[in-house]
Amino acid sequence: MALSTVVLVIAVTSVILWGVVSAGRLPGPFASRGCQGKGWREAFPNAPKAEIREFLALFVDAFAFPNKEKLKFSPNDKILSIYRALYPSHWIPDALEVETLAKDMEANYGLPFASVWSENLTLGELFAITRSGQPLGAQPSTLREKPSSAD
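To start, this report covers the structure provided alongside it. (Residues numbered from 1 in each chain as written. Predicted model: local features only at pLDDT ≥ 70, side-chain atom pairs only at ≥ 80, totals over all residues. Heavy atoms only, no water.)

1. Considerations on the pattern of salt bridges
The test is simple: The rule for a salt bridge is simple: a side-chain nitrogen of Lys or Arg has to be within 4 Å of a carboxyl oxygen of Asp or Glu. The helix and strand labels rest on DSSP assignments: H or I over at least four residues marks a helix, E over at least two residues marks a strand, and numbering proceeds from the N terminus. Relative accessibility decides the category of a residue: with a 1.4 Å probe and only protein chains considered, values under 20% of the type maximum give buried, values over 50% give exposed, and everything between is partly exposed.
Counted according to the given criterion, the structure contains five salt bridges. When the shortest N-O distance is used, the salt bridge between Glu51 and Arg131 registers 2.7 Å. Taken together, the residues Glu51 in helix α4 (residues 49-62) and Arg131 in helix α7 (residues 123-132) connect sequence positions 80 residues apart. In this structure Arg131 comes out as partly exposed when scored by relative accessible area, which is 30%. For Lys72, the salt bridge is made with Glu69, and the minimal N-O distance between the two is 3.2 Å. Residue class for Lys72 comes out buried when judged on its relative accessible area of 18%. With relative accessibility at 18%, the residue Glu69 sits in the buried group.

Written as structure tokens, this is what we have:
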């Protein structure tokens, strides 16, 4: 067997093993977290809990994470950072998580994801956009919604 064939077999086996080991599990920095619900409520005091959970369910579904883990994500988590924690090597093929998220954002919120995407886009910013229907110019530290005048 040629050396290139052996290398190819090892590479393919490594990719398959990586997929089996990491499938359905949160990446390290997120797996050990507690519930981030308080952070979501502080950032979005006017958003119903059900709306936040629905958004997070859509996100974890796109990334094939268990639904029960959705509240381990914070509004300040960058989507690309989550992706890179899941795929630390450029040699590991992804499962099109960001593309799935984009398709789901369009289907569920009518949001053209490409128009709001940036490497620094956080979950909180994306959630705010889904609520307002407009791109958010604020940084994650300014995500807190203004109380409505009806309160």
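2. Notes on the packing of α4 against α7
What counts, and what does not: Axes here refer to lines fitted to C-alpha atoms; in helices the fit is confined to the stretch in contact. Angles between the N-to-C directions go from 0 to 180 degrees. These descriptions rest on fixed angle ranges, namely under 35 degrees for roughly parallel, over 145 for roughly antiparallel, 65 to 115 for roughly perpendicular, and the rest for oblique. When the near helix sits turned anticlockwise from the far one by under a right angle, the crossing is termed left-handed; a clockwise turn instead gives a right-handed crossing. By definition in these notes, contact holds between two residues if any of their heavy atoms fall within 4.5 Å. Here the nonpolar group is Ala, Val, Leu, Ile, Met, Phe, Trp, Tyr, Cys and Pro; Asp, Glu, Lys and Arg are the charged ones; every other residue, Gly included, is treated as polar.
Look at α4 against α7: their axes get within 11 Å of each other, and the N-to-C directions meet at 120°. One way to sum up the angle between α4 and α7 is to call them oblique. Of the two possible hands of crossing, α4 and α7 adopt the one that is right-handed. Residues Glu51, Ile52, Phe55 and Phe59 of α4 lie in contact with α7, whose contacting residues are Leu123, Leu126, Phe127, Thr130 and Arg131. When its residues are assigned to classes, the contact of α4 with α7 shows six nonpolar, one polar and two charged.

3. What about helix α6 (residues 97-109)?
Heads up, the rule is: To estimate the expected span of a helix, subtract one from its residue number and multiply by 1.5 Å. In this description, one arc is meant: the one made by directions from the helix axis to the C-beta atoms.
Taking 1.5 Å per residue as the helical rise, α6 with its 13 residues ought to reach 18 Å, and the 17 Å between its terminal C-alpha atoms agrees with that figure. For α6, the set of buried residues is Glu97, Val98, Leu101, Asp104 and Met105. Along the axis of α6, the buried positions cluster into a sector of 120°, meaning they face one direction only. Among the exposed residues of α6, those pointing more than 90 degrees away from its buried face are Lys103 and Ala107. Tucked into the core, α6 has its buried residues touching α4, α5 (79-86) and α7. Following α6 by one or two positions, Gly110 adopts a phi angle in the positive range, close to 65°.

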